[in-house]
Amino acid sequence: MAEDRAVDAGPSPLVAGSLAVTLLSLTWLGTNWFHPWSPSLLGWVFPLLSAAIATVAARRAGTTVGIAPAARRFWRTGGAAALLIVVALLSNAWDAVGTPGAPTQAISGRTLGLYVAGMIVTLWALLRLPGTARPGGPHRGRFLLDASAVVITTGLLGWHVAFRNIDDWAGTAASGATVLSTVLLASVAVLTLMKLAVAGVGAVDRRALHLLAIAAAVGAAGGAAAPLMAGHPHVSDAHLTVPLTMLVFTLAADSQRRAAGRNGTPATGRRPFSLVPYAAVAVTDGLLLAATARAGDGALVVAIGAVALTGVVVVRQISAAYDIAGLLRRVDATDRELRAVRGQLAHQAHHDELTGLANRRLLEERIRQAVADGLPASVVLIDLDDFKAINDRLGHVMGDALLVIVGDRMRACVRVEDTVARLGGDEFALLLVGISAIDADTVLRRVGTALDEPVRVGPHDLLVGSSMGLADAWRGADPTELLRRADLAMYAAKEQGKGRQARYEPALDARAASDAQLGADLRQALERGEFHLLFQPVVRLPEGRPVGAEALVRWQHPERGLIRPDAFIGAAERTGLIVPLGAWILREACTRAAEWLHGYGATQPWRISVNISARQLREPGFAAHVDEALRATGLPAGRLMVEVTETAVFDNGPAVEALTQISDLGVAVALDDFGTGHSSLGLLRTTPVNVLKVDKSFVDGITGGSEEVVIASAMIRLAEGLHLGAVAEGVETPAQADRLHELGYGLAQGYYFARPLPAARVGELLAAEADRQPARHRTGPPARRSGEPDARAPAGSAPLLAR
Ligand code: C2E
Ligand code: CA
Ligand code: CA
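Residues numbered from 1 in each chain as written. Chains lettered and ligands numbered in written order. Predicted model: local features only at pLDDT ≥ 70, side-chain atom pairs only at ≥ 80, totals over all residues. Heavy atoms only, no water.

What am I meant to see in the coordination of the calcium ion (ligand 3) here?
A four-donor tetrahedral metal ideally has 109.5 degree angles, and a six-donor octahedral metal ideally has angles of 90 or 180 degrees. Every protein donor of the calcium ion (ligand 3) is listed here as D672 (OD), D673 (OD), E729 (OE) and E729 (OE), and their distances to the metal cover 2.2 to 2.5 Å. In this structure the calcium ion (ligand 2) is found 4.0 Å away from the calcium ion (ligand 3), and D672 serves as a bridging donor for the pair. With D673 in strand β13 (residues 668-674) and E729 in the loop between β15 (725-728) and α28 (734-743), the pair connects residues that are 56 residues apart, well separated along the chain. Judged by relative accessible area, D673 falls into the partly exposed class, the value being 27%. (Donors = N, O, S within 2.8 Å, 3.2 Å for Na, K, Ca; no water. Helix = DSSP H or I, 4+ residues; strand = E, 2+ residues; numbered from the N terminus. Buried < 20%, exposed > 50% of the residue type's maximum accessible area, 1.4 Å probe, protein only.)

Looking at this structure, how should I read the side chain of T22?
Residue position: T22 is located in helix α2 (residues 13-31). For T22, a relative accessible area of 3% corresponds to the buried category. In contact with T22, not counting residues within four places along its chain, are P243, L244 and L247. (Contact = heavy atoms within 4.5 Å.)

For this particular structure, what's the right way to read the coordination of the calcium ion (ligand 2)?
On the protein side, the calcium ion (ligand 2) has E550 (OE), N611 (OD1), E643 (OE) and D672 (OD) as donor atoms, found 2.1 to 2.3 Å from it. Sequence spacing of the donors to the calcium ion (ligand 2): E-x60-N-x31-E-x28-D. When its relative accessible area of 7% is taken as the criterion, D672 is described as buried.

It is not clear to me how the pattern of salt bridges should be interpreted in this structure. Could you clarify?
Oppositely charged side chains can pair when the atoms bearing their charge come close. Per the stated rule, a full pass over the model turns up 34 salt bridges. Of the charged contacts in the structure, one is a salt bridge between E628 and R587, with a shortest N-O distance of 3.7 Å. Taken together, the residues E628 in helix α22 (residues 622-633) and R587 in helix α20 (residues 578-600) connect sequence positions 41 residues apart. Between K693 and E643 there is a salt bridge whose closest N-O contact spans 2.6 Å. Highlighted residues: K693 in strand β14 (residues 691-694) and E643 in strand β12 (residues 640-645), separated in sequence by 50 residues. Of the two residues, K693 and E643, neither departs from the other in class, the shared state being buried. Through salt bridges that share partners, E481, R484, R485 and D509 make up one connected network. (Salt bridge = Lys/Arg side-chain N within 4 Å of Asp/Glu carboxyl O.)

Would you mind showing me how to read a nonpolar patch on the surface here?
Where nonpolar side chains cluster on the molecular surface, the patch consists of I324, L327, L328 and V331 and spans about 380 Å² of accessible area. In this fold, I324 is placed in helix α12 (residues 297-350). (Patch = residues over 30% accessible without salt bridge, like charges linked within 9 Å, V, L, I, M, F, W, Y side chains within 5 Å. Areas by Shrake-Rupley, 256 points an atom, 1.4 Å probe, with all protein chains shown as cover.)

Can you help me understand unusual backbone geometry in this one?
The bulk of non-glycine residues show a negative phi, and the bulk of peptide bonds are trans. Between L541 and the following residue, P542, the backbone shows a cis peptide bond with an omega angle of 5 degrees. By secondary structure assignment, the location of P542 is in the loop between β8 (531-540) and β9 (545-557). Residue H723 is not a glycine yet carries a positive backbone phi of 60 degrees. Secondary-structure assignment places H723 in the loop between α27 (707-721) and β15. On the accessibility criterion, H723 (73% relative accessible area) is exposed.

Purely geometric stuff here, so don't read any function into it on its own.
Take a look at the structure:
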């Protein structure tokens, strides 16, 4: 904003005003030189106006946004100095025309004090100005030499023009004051030049500082010219000096204001040497010639010789300066090369080599910066869903090419001020700065859509979905913590299946904490043998004879009592503990089933089913693990069925591969909770499924003649059409069982037939079937005696394997 203004703004009306006032003042001075044409009071209006304009110009420079704070302070102090001059001029005008004996050029002590105060404030402002160059070193030495040259020359000039003729001044009452202010102004000029030469300009605009030096020099010169006006009491030195000084001052302030946004002026294309000492030599040489011209031929010749000699020396010096400058340029070039190399190294330290994206370090730096700037910021962690499989299948070269394309796509989805980073492997991150939560969600969706498009790598069209977690920064956010939150959100997204997005919320932290606790407890429970299995019979309709059983895990907690799987399977999956726990379950189930087989014979075609989590399926070598469990326990593969949910195999990735291998072993596969998950019918073509387990939610409404009937009936048609078995889950009433049979269901499971039972009871049931005895006579006690207290038991409790 400030930079725009700096480009657009021309010279301000203040400069034009000051120029007009100066011209009017000079005109007034000219016309009143010999004779007072107009009232003396009018003449004072012009210097006053010019000083007032300068005050305003300095204040404006002092309050312009985009100017360095030190420069603003300098100009505010400058404005105060100009204001003091305004007051001094009022006082001066009063001295000149308002007192008895007027008009006079004499000034009072009060006026003098005010002028001096104005100049001291200016000096003070200059002294406080910070420089850019470091103190000490060669700069300082050169500065002292230059300053000496300037002081000697000003001294000589002053002596030659003014002090030498001090007698001429004696007549005017103003003499002391004029000398004092001249000396002060000259000091301002010298100090300004010194500042320029040694300290660099730093905050203040270089051109403005040059103009200030000129303003001071104009003031000093005007002061020195005061004696010339001694014979013209109607006019005052102030009519000439003040408007001119103030005009240049106003120009300086205006130049500063227009430089807003630029940080000083770049020092390129500068002369390799300072003009200051040579200007001093030239002035002094000029003085020498002027002085000796009057003294006589001999002296003049010597002087000319001396001047010529200094000229030669100066030229020689300048040529040396250019030689040195050439050398310095070469040094500069080397320096630039070094800087470039250093820049490259810095780039490497902050960027990912493969994709050119920011790395974790740079991302954290940018987060820190955004937080420090108080900008709203969101961090998104992105994990590619199927990268590992692609990398394993097609090799690293293809994998790398894929990552580069994915990185480019992300970059195309965000603005330049955002950061796209690769944190390693297939993990990416975005830093979105200065946008609202809603906009962040939009960006997230856009990135998701972009990554869902197939990626063409070599001859392959690859599909890589992405899971994303988003966390918003808070005031004083720590990058590590922010990234941790985004990571937590990303895992929550992954848990919901692939291609999902989740936003961090404190509940995730609470869950992570309780998961960690539960995870530790589970590990211990596994070691201490606190788990056991119950088996719920699966029956054939309509008679209700058992044809298998589903293994269901229970946790007998020493303090909390019996815990149902719903309370711990989720945490076991999130903490990964489901892998060892699941292994134990599989082995235990196979062991029990093998016992039944050996104990009661193998004439009945029953099967045992075991629930398998998605996490277990993704575990490399899972099929081999199943094979091993079968071998170790001696259970034929045909007696085992694994139950997996639709969500677990929906990704069509490693899970399906594992299922195919398991299926190849001869193990049956059931889709659990069918109809509640993703329910993609395409899944049934790609996944080796044998049985559909129709979810309880469809069975619940089946007697009401509602939509559930339509669905349940459609599902059995589907199963028949695909030659799959169908088991209706959660059958609780005889009416449900009847209805299901009518619809064509041959298999069912539910409390109406049997609750989950201890292994021995199921073994007996199966043995009874083998004996071909009528089930109701052999099965004895109803489900509630199974030892499992269950609030979900139906009223009255259906007889075990009723009908
Ligand atoms: P699921 O696989 O759908 O198992 C069926 C659940 O429904 C079991 O609950 C069972 O006791 C209950 N159920 C059976 N018939 C009825 C009925 O007529 N009415 C009602 N209201 N409920 C009935 P459970 O044993 O609490 O298991 C809950 C879930 O925990 C299971 O759902 C399964 O997803 C998971 N789970 C249980 N055991 C294991 C295991 O060994 N491994 C894994 N990975 N998950 C398991
Ligand atoms: Ca199940
Ligand atoms: Ca189920």
